[in-house]
Amino acid sequence: MECTLDAQSLISISLRKIHSSRTQRGGIKLHKNLLVSYVLRNARQLYLSERYAELYRRQQHYPDGAPLLAMPACPPPPAASPPELGALPLPPDAQDREARSCSAVRGGAELLEVPVCAAPPELQQRAPCRDSSPAFYRASSTAPGPGSPPGLLYAAGCDFGAPHCSSRTTVLDLDTHVVTTVENGYLHQDCCSQCPCCCQPAAGLASPPPAPGTKRKYYPGQEEEEEEGVEEGEPGGGGVAGGPPFAPCTKRARFEEYSAEHPQDSSNISNLISIFGSGFTGLVSRQQADSEQPLNGQLCSKQALASLGAWTRAIVAF
Amino acid sequence: FPGAGGGNDIQWCFSQVKGAVDDDVAEADIISTVEFNHSGELLATGDKGGRVVIFQQEQENKTQSHSRGEYNVYSTFQSHEPEFDYLKSLEIEEKINKIRWLPQKNAAQFLLSTNDKTIKLWKISERDKRPEGYNLKEEDGRYRDPTTVTTLRVPVFRPMDLMVEASPRRIFANAHTYHINSISINSDYETYLSADDLRINLWHLEITDRSFNIVDIKPANMEELTEVITAAEFHPNSCNTFVYSSSKGTIRLCDMRASALCDRHSKLFEEPEDPSNRSFFSEIISSISDVKFSHSGRYMMTRDYLSVKIWDLNMENRPVETYQVHEYLRSKLCSLYENDCIFDKFECCWNGSDSIVMTGSYNNFFRMFDRNTKRDITLEASRENNKPRTVLKPRKVCASGKRKKDEISVDSLDFNKKILHTAWHPKENIIAVATTNNLYIFQDKMN
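Residues numbered from 1 in each chain as written. Chains lettered and ligands numbered in written order. Predicted model: local features only at pLDDT ≥ 70, side-chain atom pairs only at ≥ 80, totals over all residues. Heavy atoms only, no water.

- In the nomenclature of an unreviewed UniProt entry, chain B corresponds to Serine/threonine-protein phosphatase 2A 55 kDa regulatory subunit B from the organism Asarcornis scutulata.
- UniProt, in the comment section headed Sequence similarities (unreviewed entry), describes chain B in these words: "Belongs to the phosphatase 2A regulatory subunit B family." (UniProt positions renumbered as here; feature names shortened; annotations may be inferred.)

- Per an unreviewed UniProt entry, chain A goes by IER5L protein and derives from Asarcornis scutulata.
- Listed under Sequence similarities (unreviewed entry) in UniProt, the entry text for chain A is "Belongs to the IER family."

Below, the structure written as structure tokens:
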């Protein structure tokens, strides 16, 4: 089916619908908002699958050692034509590797952030530090190859831990549970770097967080699974079979209030995309209190980045 | 070959139109439900302003054998008022979501009307005579001084102008947390069900202070919500059987004898999705907006955004018939999502003999599908065709390519003119079709 809108616009429109439903007469329409949440999920799947496809293509170009350049940070998105939208990624059986990976990405609560925009290839030349962060991916128990490390990590070629860097790169080491983030604005703080227990490497793995410019392998994700709510504080995304138990720093607490006055603010939208970790869940997730919560030994940042704000309370959970 | 001519094909003619003429539609006048009573003599409409208007068919006139009686206003009353739930800071709309008639037991008529939260049982009764000649009261009601009474007389009933009174006999409130979408009267004529997004309750018509919850699909954690109830109906003959449809395109048939809480269905009707049709909006367009049993009780019909499906109650894995209402909209779903039209809830109905089904569309078009001949027809409800006994001209939408004469292209369809509510007389070929704020009545051409 042809769609005249790209995934990001659809997401933006959907969020606006949810926001405006709060003020409609008669109260929140549960049915309509549920349907809108499905569109959000579908658009997000495609958005992420496109990101992944792009990154995969780049990895093919730079197979070893060279820094992987992620999409440049560019709010708002360039005025390139919207990506071709074909059919959405189907259950993995029917799909190629790329789409399957993206399904896994989508299904995972581990997705903490997504890039801002789809970058045309010519923007690859930009300095690493200016690159936005890519999405990063879940551990896969089905990683091919016996020698492959179980963890999954995407490293952008960015200067980790450099606060001055304008990049939004966030890197997660699923083996050591180390999360390092170069913050930009309202995105995550370095969380686990503040927590000694988090920074302890997993057994058998003494490697420190990847140095700048290092590329680690990543693997196709798991089978797409049923959309399920991911509970606050619940360790791991649902259904990661055999992967290391992992819970990201709770993403829901960390997002700036969505501003209805800036519907074109795609960076806001990108952040909000991650909220919709699984279908309806993100919409009904409550405002989190100060986000300090121990999760499998991780301590999320004490700096409570704002609650989701008004629009998420659009869905009234009785 | 759609609809025109042929021996058995119905030729539909304009009969009447009710409602304001001007294009500026007052929101309160938007028609939200249409329902014939069991005899077809009465036709009720509900609107967004909480009013119910009942039309009554004139008795057939021997001198006017070429047309059936006209429908004229019989009673108008305010059924529901807007309310405010202070606890939740929510306004409760007065819009009438559904009207269902009870079968007539005595001189009075009874109907159930519901808004989002409260169901009311209304008694509509006629008064055509009044007592006159009281001894202690004047005709205007003032009391007479007893000392002035010198003779006594017996009051007698004298005819008066017909007065139709509607009075609320029962109010069934405070049983629904979510928005009520359906009510359905059981074939025992003693109980009825009401359904909201997540629950279905069973009531006794005489008892207002309690109801039984018979279906509850609310998950323990609302974050796990994946589907809601969209419609529910009792089986026309089996008083223990009902169905409810969901936003996921499934229909569940439940037997109340099986257990007190019918969360486990007896049958699940579901057609697997065609993967080649997958889109962003697949979930929306598969959501069922209406479910109706056939009069026989053997079939049920469901309406989703693009199609009407007929299900045999004995076959759960797919419908026995599928009719495309406006397949040309499939490539427009994106725009229809933007303008919210994709959320429109179309209803559907059977004719009296279960041989034809009808449903609405956009541009004030409505569609009929003949199950026997497999022919379908598209007609338009428009004041331009309002000469009585003029046969309606079939319409055709041109999906793509070269538009033929008299065809309408998809892009010129008016999506603000939608027909969501239609009703078919239980016995005759008389149909009521509601546009935004007008009610059209069409009849077949009698020779």
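1. Quick look at the nonpolar core
- Counting 38 residues, the largest nonpolar core has Phe281(B), Tyr305(B), Leu329(B), Tyr337(B) and Ile342(B) as the members making the most contacts within it.
- Those elements giving two or more residues to this core turn out to be helix H1 (7-21) and helix H2 (30-61) of chain A together with helix H1 (282-286) and helix H2 (333-338) of chain B.
- A per-element tally of this core places H2(A) first, with 8 residues.
- If you look at the next biggest cluster of nonpolar residues, it comprises 18 residues, including Met358(B), Leu379(B), Leu392(B) and Ile419(B). (Core = buried A, V, L, I, M, F, W, Y, C linked by side-chain atoms within 4.5 Å. Buried < 20%, exposed > 50% of the residue type's maximum accessible area, 1.4 Å probe, protein only. Helix = DSSP H or I, 4+ residues; strand = E, 2+ residues; numbered from the N terminus.)

2. Quick word on H2(A)
- The end-to-end C-alpha distance of H2(A), which contains 32 residues, comes to 47 Å, matching closely the 46 Å that a straight helix rising 1.5 Å per residue would cover.
- Most of H2(A) is tucked away, with 28 of its 32 residues classed as buried. (Expected span 1.5 Å × (residues − 1).)

3. A look at the sheet that holds strand S26 (residues 365-370) of chain B
Residues and elements named next belong to chain B.
- Pairing is antiparallel across the open sheet formed by 4 strands, whose spatial order is S24-S25-S26-S27. Looking at which strands have only one partner, the edges of the open sheet turn out to be strand S24 (348-350) and strand S27 (376-380). The sheet shows a mean angle of 20° between the axes of neighbouring strands, direction not considered.
- Where S26 meets S27, 5 bridges bridge the pair, whose relative direction is antiparallel. Its bridge partner lying in S27, Phe365 is registered against Glu380. (Pairing = 2+ DSSP bridges. Axes fitted to C-alpha atoms, helices over the stretch in contact; angles between N-to-C directions.)

4. As for the pattern of salt bridges
- Under the defined criterion, the tally for this structure stands at 41 salt bridges over all chains.
- A salt bridge links Asp340(B) to Lys32(A), with the nearest nitrogen and oxygen atoms 2.7 Å apart. Taken together, the residues span two chains, with Asp340(B) in the loop between H2 and S24 and Lys32(A) in helix H2.
- Residue Lys309(B) pairs with Asp304(B) through a salt bridge whose shortest N-O separation is 4.0 Å. Across the pair, Asp304(B) and Lys309(B) agree in class, each one buried. (Salt bridge = Lys/Arg side-chain N within 4 Å of Asp/Glu carboxyl O.)

5. Some thoughts on the side chain of Asp255(B)
Residues and elements named next belong to chain B.
- Tracing the backbone through its elements, the reader meets Asp255 in strand S18 (residues 251-255).
- Among the polar contacts made by the side chain of Asp255, one reaches the side chain of Arg257 at a distance of 2.8 Å.
- In contact with Asp255, other than residues within four places in its own chain, are Asn240, Cys262 and Ser266. (Polar contact = N/O pair within 3.5 Å; in protein donor to acceptor, adjacent residues only side chain to side chain. Contact = heavy atoms within 4.5 Å.)

6. Quick notes on the confidence of the model for chain A
Residues and elements named next belong to chain A.
- In this model, chain A carries an average pLDDT of 48, and 18% of its residues clear a pLDDT of 70 or more.
- The element-level mean pLDDT for chain A is lowest in strand S4 (residues 298-299), coming to 30, with H1 highest at 92.
- For residues 67-167, every residue scores under 50 in pLDDT, and the model assigns this stretch 293 contacts once sequence neighbours within four places are set aside.
- Of the regions scoring below 50 in pLDDT, residues 182-318 engages in 368 contacts with residues more than four places distant in sequence or in other chains. (pLDDT = per-residue confidence, 0-100.)

7. What about the sheet that holds strand S1 (residues 12-18) of chain B?
All names here are of chain B.
- Sheet architecture is open: 4 strands sit in the order S1-S32-S31-S30, paired in antiparallel fashion. Looking at strand neighbours, the two that pair on one side only are S1 and strand S30 (421-424), the edges of this open sheet. Within this sheet the neighbouring strands show an average axis-to-axis angle of 20°, counted without direction.
- Direction of pairing for S30 relative to strand S31 (residues 430-434): antiparallel, over a ladder of 4 bridges. If you follow Ala423 over to S31, its bridge partner there is Ala432.

8. Quick notes on the environment of Ala44(B)
Residues and elements named next belong to chain B.
- Inspection of the secondary structure assignment puts Ala44 in strand S3 (residues 42-47).
- On the basis of relative accessibility, which here comes to 0%, the residue Ala44 falls in the buried class.
- Between the C-alpha atoms of Ala44 and Phe55, which are 11 residues apart in sequence, the distance is 6.2 Å.
- Non-local contacts of Ala44, meaning those with residues more than four positions away in its chain, are made with Thr33, Val34, Glu35, Val53, Ile54, Ile99, Trp101 and Leu111.

9. Regarding the confidence of the model for chain B
Residue and element names in this part refer to chain B.
- Per-residue confidence for chain B gives a mean pLDDT of 93, with 96% of residues at or over 70.
- Every residue in residues 1-7 is under pLDDT 50, and counting partners more than four places away or in other chains gives 8 contacts.
- Here the complex is predicted with pTM 0.69, and the ipTM for its interfaces comes to 0.91.

10. Section: the packing of aromatic side chains
- Tallied over the entire structure, the rule returns 22 aromatic pairs over all chains.
- For the pair Phe14(B) and Phe442(B), a centre-to-centre distance of 6.2 Å together with 75° between the ring planes defines the contact as edge-to-face. Taken together, the residues Phe14(B) in strand S1 and Phe442(B) in strand S32 (residues 439-444) connect sequence positions 428 residues apart. Neither residue differs from the other here; Phe14(B) and Phe442(B) are each classed as buried.
- Ring geometry for Phe172(B) and Tyr192(B): centres 5.2 Å apart, planes at 80°, overall edge-to-face. In this pair, Phe172(B) sits in strand S11 (residues 156-172) while Tyr192(B) sits in strand S13 (residues 191-195), placing the two residues 20 residues apart along the sequence.
- Given a relative accessible area of 0%, Phe172(B) falls into the buried group.
- Judged by relative accessible area, which is 0%, Tyr192(B) ranks as buried.
- The lysine or arginine in question, Lys17(A), covers the ring of Tyr337(B), its NZ or CZ lying 5.0 Å from the ring centre. (Phe/Tyr/Trp six-rings, centres within 6.5 Å; stacked < 30°, edge-to-face > 60°. Lys NZ or Arg CZ within 6 Å of the ring centre and 35° of its normal.)

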